[in-house]
Amino acid sequence: VPKDGIPALVNPKLVAPGHDDAEYLEPDELVFGVSINGDVRAYPLRMLDWHEMFNDVIGGVPVALAYCTLCGSGILYETEIAGRAAPFEFGSSGFLYRSNKLMYDRATQSLWSTMAGKPVIGPLADHGIELPIRSIVTTSWSEWRRRHPDTQVLSLETGHDRNYEEGVAYRDYFGSEHRMFETPFDDDRLNDKDEVLALRFIPAAETPVAISASFLKRNRIYENNFGGQSFVILTDASRANRVYERPADVGFVAWDKRHTATDHHGVEWTLTESALTAPDGRTLKRLPAHRAFWFGWHRAFPDTVLIK
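Moving on: the overall build of the protein. A count of helices and strands for the protein gives five helices and 26 strands. Here the C-alpha radius of gyration of the protein, 19 Å, is about what a compact globule of 308 residues would show, namely 19 Å. The principal-axis extent of the C-alpha atoms belonging to the protein is close to 55 × 45 × 45 Å. Counting contacts in the protein only where the partners sit at least 6 residues apart, residues at least 24 apart contribute 58% of the total. Approximately 13500 Å² of the protein is accessible, and the part contributed by carbon and sulfur atoms is 48%. Of the charged side chains in the protein, 33 are positive and 43 negative, and the gap between their average positions amounts to 2 Å.

Quick look at the structure:
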């Protein structure tokens, strides 16, 4: 694919759910849900299959979504870096590395790993630059809209001539067990395209961690500790996963899969996109994580600890 042959969206048009332009979405369609500083948005996968990147400002924060369709991963990065005059704007380079797309920044033309959020080739490589990761959730449109009736959603008016019908762009690929391109891959702990939740708060010096999405569906409350960080993962009825920090003296025993998680002291914590909040004002902040196909994540981080 030539450079920008898959065109990134830049500050795309959004509409309210009740607007006629939002009626194209079916209830069970998947969206990337984002909420920053009260600015709530949904970006349907069926549209991003054609674009694989967006550059936008959400809640006053410049961000970019790096969506690798081949790897099944959508990662939200902050694009403003200390010491730089302006945020980065990214596009699709057309290059792949082990089936993972390489994005590029328009200012320096450096190539970046979408999975790692780091420049790997070009003027910015080896400068210690790494994009901060923001929380994102993959969920159904109906579940996101139920939780956030005031959400905005991506309009079909993107400025590009594409067939945005559901499944048009990658129907055969997503419906197959096979990869589009062969890559070195010899880990059969999961099938290639089984989904995992990649934990992105693990320090770089620690071993990466991924958790099977099927495991989390069976264990709607999952608690653990990696890299010195205790956490809880709550999985709702749409199979969406949200990760929150968890102090050592708090353990969760019940979860209504909607808004309320109850700890072993009987305290009911309210779930939002940014935190779990107790009635006494205590908060447990959201931790970054995202879904990916097992082979895509493993090829980027082959020493991953897998929980299944």
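After that view, the rundown keeps rolling.
Here the focus is unusual backbone geometry. In the Ramachandran plot, aspartate 4 falls in the positive-phi region, its phi being about 60 degrees despite a non-glycine side chain. If you check the backbone angles, asparagine 11 has positive phi at about 45 degrees while not being a glycine. In this structure, asparagine 11 sits in the loop between strand 1 (9-10) and strand 2 (14-15). Owing to a relative accessible area of 51%, asparagine 11 belongs among the exposed residues under this scheme.

A few words on the environment of leucine 199. By the element assignment, leucine 199 lies in strand 15 (residues 195-199). On the basis of relative accessible area, leucine 199 is assigned to the buried category, the value being 3%. Between the C-alpha atom of leucine 199 and that of aspartate 303, which follows or precedes it by 104 residues, the distance is 14 Å. When near neighbours in sequence (up to four residues on either side) are disregarded, leucine 199 contacts Val209, Ile211, Phe231, Ile233, Val243, Pro288 and Ala289.

Within this model, the largest pocket holds a volume of roughly 520 Å³. If you trace the largest pocket, you find 20 residues lining it, with Leu30, Leu45, Phe174, Glu195 and Phe293 closest to the centre. Class assignment of the residues belonging to the lining of the largest pocket gives a composition of seven nonpolar, five polar and eight charged. Of the pockets and cavities examined, the second largest pocket occupies roughly 290 Å³. Residues that form the lining of the second largest pocket fall into these classes: eleven nonpolar, no polar and four charged.

What follows deals with the side chain of aspartate 236. When you line up the elements, aspartate 236 lands in the loop between strand 18 (229-235) and strand 19 (241-245). Among the residues examined, aspartate 236 registers a relative accessible area of 0% and is labelled buried. Here aspartate 236 is in contact with Glu143, Arg147, Arg220, Arg242, Trp255 and Lys257, once residues within four sequence places are set aside.

So, on to the sheet that holds strand 16 (residues 209-212). Ordered in space as 25-15-16-26, the four strands form an open sheet in which the pairing is mixed. Either end of the sheet is taken by a strand with one partner, and the two such strands are strand 25 (289-293) and strand 26 (305-307). Between one strand and the next, the sheet's axes are offset by a mean angle of 30 degrees, whatever the strand orientation. As defined by bridge partners, strand 16 adjoins strand 26 across three bridges and the pair is classed as parallel. Counterpart to valine 209 in the pairing with strand 26 is valine 305.

Let us look at the pattern of salt bridges. Tallied over the full model, the rule gives 18 salt bridges. Among the salt bridges present, the one from glutamate 273 reaches arginine 242, with a minimum N-O distance of 3.0 Å. Within this pair, whereas glutamate 273 is found in the loop between strand 22 (268-271) and strand 23 (275-277), its partner arginine 242 is found in strand 19, the two being separated by 31 residues in sequence. The buried category is assigned to arginine 242, whose relative accessible area is 1%. The network of salt bridges with common partners includes Glu143, Arg146, Arg147, Asp236, Arg242, Glu273 and Arg286.

Procedures and definitions
- The numbering scheme is per chain: residues are counted from 1 as the chain's sequence reads.
- Local features in this predicted model are restricted to residues whose pLDDT is 70 or higher, and side-chain atom pairs enter the listing and the counts only when it is 80 or higher, whereas totals over whole chains, interfaces and linings include all residues.
- With hydrogens and water excluded, all non-hydrogen atoms of the structure serve as input to the side-chain values.
- Every helix listed is a DSSP run of H or I at least four residues long, and every strand listed is a run of E at least two residues long, numbered separately from the N terminus.
- Radius of gyration means the value over C-alpha atoms here, while the globule rule gives 2.2 Å times the residue count to the 0.38 power.
- Contact criterion: two residues are considered in contact whenever any of their non-hydrogen atoms come within 4.5 Å of each other.
- Reported accessibility uses the Shrake-Rupley method at a 1.4 Å probe radius. Residues are deemed covered only where the shown protein chains occlude them.
- The positive count covers Lys and Arg only, the negative count covers Asp and Glu only, and His and the chain ends enter neither.
- Note on charges: their place is set at NZ of Lys, CZ of Arg, CG of Asp or CD of Glu.
- Buried residues are those whose accessible area, probed at 1.4 Å on protein chains only, stays under 20% of the maximum for their type, while exposed residues exceed 50% and partly exposed ones sit between those limits.
- Method remark: on a 1 Å grid restricted to protein atoms, a set of points is classed as a cavity if a 1.4 Å probe fits but cannot get out and as a pocket if it is open with protein on both sides within 12 Å along at least five of seven lines; lining residues have an atom within 4 Å of a point.
- Grid points are joined across faces, edges and corners, and a volume is the space filled by probe spheres set on the points.
- Charged means Asp, Glu, Lys or Arg here, nonpolar means Ala, Val, Leu, Ile, Met, Phe, Trp, Tyr, Cys or Pro, and polar covers whatever is left, Gly included.
- For two strands to be treated as a pair, DSSP must find no fewer than two bridges joining them.
- Angular values range over 0 to 180 degrees, each being the angle between N-to-C directions of two axes fitted as lines to C-alpha atoms, with helices fitted over their stretch in contact.
- When a carboxyl oxygen of Asp or Glu lies within 4 Å of a side-chain nitrogen of Lys or Arg, that pair is called a salt bridge.

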